[in-house]
Amino acid sequence: MKLRFPNLLVSLWLATTLTTAEGNGIGSLRSTLLRANPALSVHQRTMLEREASVNPLQPTLRAFQFWRRVYPIVWDYRLTGYWNRIARRNDPEGRAKAYDALHTKHAPDALKVILELRGIYVKIGQVLSSRADFIPRQYVDAFSALQDQVNPYEQDRIEWIIRESLQSCQELDMEDVFESVDEVLGSASIGQVHKAKLTPKYGGGTVAVKVMHPNAETQFANDFKVFIGLTNVALSGWGPIVRELETQMMTEFDYTNEANDLRHVRANVLHSPYADKVIVPEPMVELCSKHVLVMEYLSGKKLAEDIELKLARIVGDIDSARKVLKAKQQAMFESKDVGRKKKKSLFREFSEIVGESEDGLPLIHKTAKAVQLMSMMRDVGKKLSLLLDATGHQIFIDGVYNGDPHPGNVLVLDCGRLGLIDYGQTRRLTKPDRLALARVVAAVGKHHPDVHEVSNAMRTFGFRTRDGNDDIMAKFAALYFDSDAEGKKMGCSSPQIYLLRLESIDPMIEVPDPAVFVARTSFLFRGLGSILQQQLHTSAAWRDHALLALATDGEGRQLYNLGLTPIRAESST
């Protein structure tokens, strides 16, 4: 496919013209307004923002900026691919080294493009950063910065958005509601979160305020078109995935929806077995709007950061801790016989990384630290099990869950509980879909799954392959809802390669919409597991919840049996 660039001279002229205009008239006017009294200037300021948001030249300029930076990367990979096929046809090690060098060279460049353009590119980078077994490790390392290090918008710009939201939606002055809007807690693709202090009139407590970035909705809509173009050029097979992501993500641009979802999920958690172990922040719905979400502040650290800091106290410093984590992650990524290949002990890994030189630690100290490592990893396993259990309950019992559980959305709170935040992609399952999914997971999650039972459950849910191959359908089920282990046993270095191998045998031609985000949630949990050094099997973790759903909603069971042996409430392997 030929890449169609805008006319280069026209694009350069437009870029130069707009830059000059921003630096002169428009930029000077903006600077004047920024220095003005917010109470007097907010109306004019937001009018300028609205005019900028519908600037017809902006999408073209962003597309030009994207392709100007990305196409050289794409071309470099293509040239290397051509050369590998010609000169390294019989040299797999040489081909691997060539690609590894490319990954090292271009991962920082890709991160720079994302940080410059922001928007949808940040969101996609966040998702990819949690899949250490899906993209090369160099990109995972680079994109991990996107979990919480995206440059935020200026404080005064954010305060104006809060001020206008309160004035236009609640007819309140910002000073009546907030004593202060303080530091940025995190900045991501759509918005950023600030810690804030309420006035005594509104309780005087500390809250988190999520503010949508200016022009985010328009920018996302345009950027999706550009990224779909990239899938046609360089990411074969990604087009349908990106289109589905577009459909789902364009619903995130109204924080009143998220506030209501938070309230709903929080109520479910409070009435669940996890009420004393998991917290979902309470929204202050009366202060929320399309662009601003005010909610309870949860004090704690992100799960991955908490583990890194605990490990640093054991091994001596943060750099050594990161080295241990990356070594474990890479070993898991490269393991092809998952579950059978004997892995190194934590003591062995600790010894290799800290070293056994003459100035190394005495054996007794290393033994003590190895015991500490084992204790820490048991704690990690418990937290991941709790996270999987709570999510399984939300999916199969409540039918309402977070479709975007990436590592930045899980906190270890000061009180010891887990905090679940960011419900912008809350998904809902109807009762028939929930039961159909439960039947699939109950079958896949057995210790020795029955191929025909799994494939029949998948077809009942709405999955279709070209040839109806039961074995391939069962493998698709495991890939979507359980683990990547089978692909690794077959020598596939990533889930994408494994997926392509399955598609080459009996391609999937129909996937039910409700399955997409559950499968994505399973993939994200597996990615989180690899970051935290745990091999996860989501169906095995969710099977009890699936069986409970089937047992308690008995009137729906026969609809989905279609001749299958009824699944009893008690688990059997």
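Residues numbered from 1 in each chain as written. Predicted model: local features only at pLDDT ≥ 70, side-chain atom pairs only at ≥ 80, totals over all residues. Heavy atoms only, no water.

Novice: Could you give me a rundown of the packing of helix H17 (residues 431-444) against helix H18 (residues 451-461), with the residues and numbers involved?
Specialist: At their nearest, the axes of H17 and H18 sit 9 Å apart, and the two run at 165° to each other. Between H17 and H18, the angle falls in the class roughly antiparallel. When you trace H17 past H18, the crossing you get is left-handed. Contact residues: Asp433, Ala436, Leu437, Arg439, Val440, Ala443 and Val444 in H17; Glu453, Val454, Ala457, Met458 and Phe461 in H18. In the contact of H17 with H18, the residues fall into nine nonpolar, no polar and three charged. (Axes fitted to C-alpha atoms, helices over the stretch in contact; angles between N-to-C directions. Helix = DSSP H or I, 4+ residues; strand = E, 2+ residues; numbered from the N terminus. Parallel < 35°, antiparallel > 145°, perpendicular 65-115°, else oblique. Left-handed = near helix turned anticlockwise from the far one by under 90°. Contact = heavy atoms within 4.5 Å. Nonpolar A, V, L, I, M, F, W, Y, C, P; charged D, E, K, R; others polar.)

Novice: Go over the pairing of strand S3 (residues 206-212) with me, naming the residues and quoting the values.
Specialist: Burial within S3 is extensive, with six of its seven residues counted as buried. Here strand S2 (residues 191-198) pairs with S3 via seven bridges, running antiparallel. Its bridge partner lying in S3, Lys197 is registered against Thr206. By the bridge criterion, five bridges tie S3 to strand S5 (residues 292-296) in an arrangement that is antiparallel. (Buried < 20%, exposed > 50% of the residue type's maximum accessible area, 1.4 Å probe, protein only. Pairing = 2+ DSSP bridges.)

Novice: Kindly report on the pairing of strand S1 (residues 178-187), identifying the contributing residues and their values.
Specialist: In this sheet, S2 lies alongside S1 in antiparallel orientation, the contact comprising six bridges. Residue Ser180 lies in a different strand from S2, and its bridge partner there is Lys197. Between S1 and S2, which pair antiparallel and follow one another directly, the connecting turn spans three residues.

Novice: Now, about the side chain of Asn402: what can you tell me, with residues and values included?
Specialist: Locating Asn402 in the fold gives a position in strand S7 (residues 400-402). Asn402 gets classed as buried once you look at its relative accessible area, which sits at 7%. At a separation of 2.9 Å, a polar atom in the side chain of Asn402 contacts the main-chain amide nitrogen of Asp404. Polar contacts involving the side chain of Asn402 include one to the main-chain carbonyl oxygen of Asp422, which spans 3.0 Å. Non-local contacts of Asn402, meaning those with residues more than four positions away in its chain, are made with Gln394, Asn409, Ile421, Asp422, Tyr423, Gln425 and Thr521. (Polar contact = N/O pair within 3.5 Å; in protein donor to acceptor, adjacent residues only side chain to side chain.)

Novice: Would you mind going over unusual backbone geometry in detail, with residue names and values included?
Specialist: Even without being glycine, Asn215 reaches a positive phi, approximately 65°. Tracing the chain through its elements places Asn215 in the loop between S3 and helix H10 (216-233). Phi is positive for Asp422, close to 65°, though the residue is something other than glycine. Topologically, Asp422 is positioned in the loop between strand S9 (418-420) and strand S10 (426-428). Given the relative accessible area of 22%, Asp422 is considered partly exposed.

Novice: So, the sheet that holds S9: which residues are in play, and what are the values?
Specialist: Here four strands make up an open sheet; going across it, the order is S4-S9-S8-S6 and the pairing mixed. Here the strands that pair on one side only, and so sit at the sheet edges, are strand S4 (278-279) and strand S6 (300-302). The pairing of strand S8 (residues 410-413) with S9 spans three bridges and is antiparallel. Note that in S9 the partner of Val412 across the bridge is Leu418. Against the sheet, helix H16 (residues 363-398) contacts S4, S8 and S9, and its axis sits at roughly 40° relative to S9.

Novice: Give me the sheet that holds S1: which residues, what numbers.
Specialist: Within a sheet, each strand pairs with its neighbour through backbone hydrogen bonds, oriented either parallel or antiparallel. An order of S1-S2-S3-S5 is seen for the four strands of this open sheet, with the pairing classed as antiparallel. The outermost strands of the open sheet, each flanked by one partner alone, are S1 and S5. The sheet shows a mean angle of 30° between the axes of neighbouring strands, direction not considered. Helix-sheet contacts for helix H8 (residues 155-170) involve S1, S2, S3 and S5, and the interaxial angle to S1 is about 120°. With respect to the sheet, helix H12 (residues 255-270) is in contact with S2, S3 and S5, its orientation differing from that of S5 by roughly 20°.

Novice: Give me the confidence of the model for the protein: which residues, what numbers.
Specialist: This prediction gives the protein a mean pLDDT of 78; 76% of its residues lie at or above 70. Taken together, the stretch residues 1-49 has pLDDT below 50 and engages in 48 contacts with residues farther than four places along the chain or on a different chain. For residues 556-573, every residue scores under 50 in pLDDT, and the model assigns this stretch 32 contacts once sequence neighbours within four places are set aside. (pLDDT = per-residue confidence, 0-100.)

Novice: Pulling in residues and values, what's your account of the nonpolar core?
Specialist: Core analysis: the biggest nonpolar cluster contains 117 residues, and Phe66, Phe143, Phe396, Leu437, Met458, Phe463 and Phe481 have the highest contact counts within it. The element best represented in this core is H16, accounting for eleven residues. Formed by 19 residues, the second largest nonpolar core is a distinct cluster that contains Ile158, Met174, Val207 and Met284. (Core = buried A, V, L, I, M, F, W, Y, C linked by side-chain atoms within 4.5 Å.)

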